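# A look at the structure
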Amino acid sequence: MAKEIAFGRRMKGGEMRRLLRWCCRPSLSSSSSSSSFSAVQTFVTDVKQSGTKFLTQRKWDALVVGGGHNGLTAAAYLAKAGLQVAVLERRHVLGGAAVTEELVPGFQFSRGSYLQSLLRPAVISYEQLLERFCTLLDPLLDTVPPERPVDQEALMDKWSRTKVLASLFMRSGHLGQEDMIALMELLLAPASKVLDNWFESDLLKATLATDAVIGSMATVHSPGSGYVLLHHVMGETNGVRGIWSYVQGGMGAVSMAIARAAKEAGATLAVNAEVVEFSVQQLEKDGGISTSLNGVKLADGTLIEADQVLSNATPAVTFLKLLSQNVLSEDVLRRIKSIDYKSGTTKLNLAVDDLPHFRAREHSGTNPGLEHRGTIHLGTDSMDDIDTANRDALNGYPSLRPFIEMTIPSALDNTISPPGKHVINMFVQYTPYHLKEGSWEDPAIREAFAKRCFNLVDEYAPGFSSSIIDYEMLTPPDLERVFGLTGGNIFHGAMGLDSLFLLRPIKGWSGYKTPVKGLYLCGSGSHPGGGVMGAPGRNAAQVALQDRR
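Quick summary incoming for the structure in this document. Note that the structure is a prediction, hence the values are computed from the model and not measured.

## So, the nonpolar core
The nonpolar side chains of a soluble globular protein tend to be buried, and buried together. Val64, Leu72, Leu78, Val85, Leu94, Leu269 and Leu310 are the most contacted members of the largest nonpolar core, which totals 37 residues. Within the residue set of this core, elements represented by two or more residues are strand S4 (60-65), helix H6 (69-80), strand S5 (85-88), helix H13 (252-264), strand S11 (268-271) and helix H19 (535-547). Ranked by residue count, the leading element in this core is H6, at seven residues. If we skip the residues at most four places from it in the chain, Val64 touches Gly71, Ala75, Val85, Ala86, Val87, Leu88, Leu310 and Cys522.

Written out as structure tokens, the structure is:
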């Protein structure tokens, strides 16, 4: 079953639309992906080529560790406010998981993230209900969680916290009792129960249910998985909620647009600048120890000084790898270590010389048909099939019959592949991080699973396997190695109700601040969570700016 996709360049949230309007130029939409990405290199400094002197000549107002879309968003807002800001990206290219890379000559791949938002099936009453719930919850995306400060709380802090909660209660009052009960069910119940209450078709329910488990090791029968159904319709494209869209030139074009905004506002952007340690100082204060950040250390030992540091890395990388273990209390460390990073996701990036010809739709010729323009769901005819695939992974084995979400962005975007050839993304579940037998480092195991996926597509589109020119497979360990995604989790941590809002990343530290003065979280591991929306970066920048006043 396929879902229709629009062609656009916008991201989630009104603030992000304003940011992109600020930075986007007509040349971006009219240029090819390769020329666009060459252009961005003119304002990005490669530390391997230029050295680090340009980073050590001053003490920065703020450093952003990680040049993913949230880190770039934070840098853009900080620089726009007049701060001296530098973004330090470990890899050779900006964008984090929202990046475009030429993995096969002539083919531009959205290597990690591959879509924005989603057009839901036209089931009007179901859509209308979700729309009402989105209206209630959407303002929370751009809201700093009303975390109570650890130190003495000022009157204005109390008033701000009260306003956030009061606004939520007032909006919920407009739902009415019936909708309020339905919302509670959606938030707390398994996705399977929610969808069983709405639909009869097993195929339709299985298609919708994948949104509830994508990127996780959860099953459709997991309590609370219904919320993720709602999370996937919180976004919008061109002002229409719930639409997923391709980005011309790949997802890296989004990151490039934000990078341009940051650069035009005065930010410095550096790649191949791997941060390996936060530099902290501990002083005695009021009979205790006060810990504050004064910069970062690069892999080559270079110390870069700054008043504030915003980390776009996962909470695990931020607190367990970049920060000395003796800095945090045992309680905070225990909570950080308990964050759920389990992931069953593998991403396959394919270059093909022909479009898949599906049995379900007669198609001749080389031009893409309607069936090639949407998200294509394969491998599951019922929600029980998803549950069976999940059980395989929980037992330590890749799913014997995985479910696949396939997209063919070149069906709408002719800038990312040679004429007559195409780019295909396959998002596959479930693949456990640790295998019960063997390892993902074993080429034979990797090839066997890739062929399993290709053979499954052959069932629906005979001859598909023979069209493959080359491919890349990113298993959970690969996603961790390449993009720094702990456990391969694309959301920087589970998206269950026990890991959202005031509980993200941990209880007591949901407001982007951390126990270390001057250190902030600005990635998807903070509120409101995963997805290419930019809200964590924007919100964290606002908090950092407020602390400077």
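## Comments concerning the side chain of Asp61
Looking at the element boundaries, Asp61 is found in strand S4. When neighbours within four sequence positions are excluded, Asp61 is seen to be in contact with Leu83, Gln84, Asp307, Gln308 and Arg548.

## Looking at empty space enclosed by the protein
Scanning the model with the defined rule gives six cavities of 30 Å³ or more in all. Here the second largest cavity defines a volume of roughly 70 Å³. Lining the second largest cavity we find Gln108, Phe109, Ser110, Tyr114, Tyr246, Val247, Gly250, Met251, Pro409, Asp413 and Ile416. No other element matches strand S7 (residues 107-110), which puts three residues into the lining of the second largest cavity. By residue class, the composition of the lining of the second largest cavity is seven nonpolar, three polar and one charged.

## Thoughts on the environment of Pro419
With respect to the helices and strands, the residue Pro419 is situated in the loop between strand S17 (403-407) and strand S18 (422-429). For Pro419, a relative accessible area of 78% puts it in the exposed group. When the C-alpha atoms of Pro419 and Asp353 are compared, they prove to be 9.4 Å apart, with 66 residues separating the residues in sequence.

## A word on the pairing of S7
Side chains Phe107 and Phe109 of S7 all project onto a buried face; the interleaved residues Gln108 and Ser110 project onto the opposite face, where all are buried too. Of the pairings in the sheet, the one linking strand S6 (residues 100-104) to S7 comprises three bridges and is antiparallel in character. Bridge assignment links Thr100 to a residue of S7, and that residue is Ser110. Counting the residues in the hairpin turn of S6 and S7 gives two residues, including Gly106, whose phi is positive at 90 degrees.

## Observations concerning the packing of H6 against H13
Angle between the axes and distance between the axes: these two values describe a pair of packed helices. Here H6 crosses H13 at 20 degrees, and the two axes come no closer than 8 Å. Judged by the angle between their axes, H6 and H13 are roughly parallel. The hand of the H6/H13 crossing is left-handed. Of H13, the residues touching H6 (which contributes His69, Leu72, Thr73, Ala75, Ala76 and Ala79) are Ser255, Ile258, Ala259, Ala261 and Ala262. Residue classes in the contact of H6 with H13 are distributed as eight nonpolar, three polar and no charged.

## Quick word on the pattern of salt bridges
For side chains of opposite charge, pairing can occur when their charged atoms come near one another. On inspection of all chains with the given rule, the structure shows 19 salt bridges. The closest approach of N and O atoms between Asp331 and Arg335, which form a salt bridge, is 3.3 Å. With a gap of four residues between them, Asp331 and Arg335 both fall in helix H15 (residues 330-337), about one helical turn apart. Classification of Arg335 by relative accessible area gives partly exposed; the value is 24%. Arg481 is the partner of Asp478 in a salt bridge, and the nearest nitrogen-oxygen pair spans 3.2 Å. Here Asp478 and its partner Arg481 are both found in helix H18 (residues 476-483), three residues apart, which amounts to about one turn of the helix. Asp478 sits in the buried class, given a relative accessible area of 8%. Sharing partners across several salt bridges, the network here consists of Lys59, Asp61, Asp307 and Arg548.

What counts, and at which threshold
Residues numbered from 1 in each chain as written. Predicted model: local features only at pLDDT ≥ 70, side-chain atom pairs only at ≥ 80, totals over all residues. Heavy atoms only, no water. Core = buried A, V, L, I, M, F, W, Y, C linked by side-chain atoms within 4.5 Å. Buried < 20%, exposed > 50% of the residue type's maximum accessible area, 1.4 Å probe, protein only. Helix = DSSP H or I, 4+ residues; strand = E, 2+ residues; numbered from the N terminus. Contact = heavy atoms within 4.5 Å. 1 Å grid on protein atoms, 1.4 Å probe; cavity = no way out; pocket = protein on both sides within 12 Å on 5 of 7 lines; lining within 4 Å. Points joined across faces, edges and corners; volume = space filled by probe spheres on them. Nonpolar A, V, L, I, M, F, W, Y, C, P; charged D, E, K, R; others polar. Pairing = 2+ DSSP bridges. Axes fitted to C-alpha atoms, helices over the stretch in contact; angles between N-to-C directions. Parallel < 35°, antiparallel > 145°, perpendicular 65-115°, else oblique. Left-handed = near helix turned anticlockwise from the far one by under 90°. Salt bridge = Lys/Arg side-chain N within 4 Å of Asp/Glu carboxyl O.

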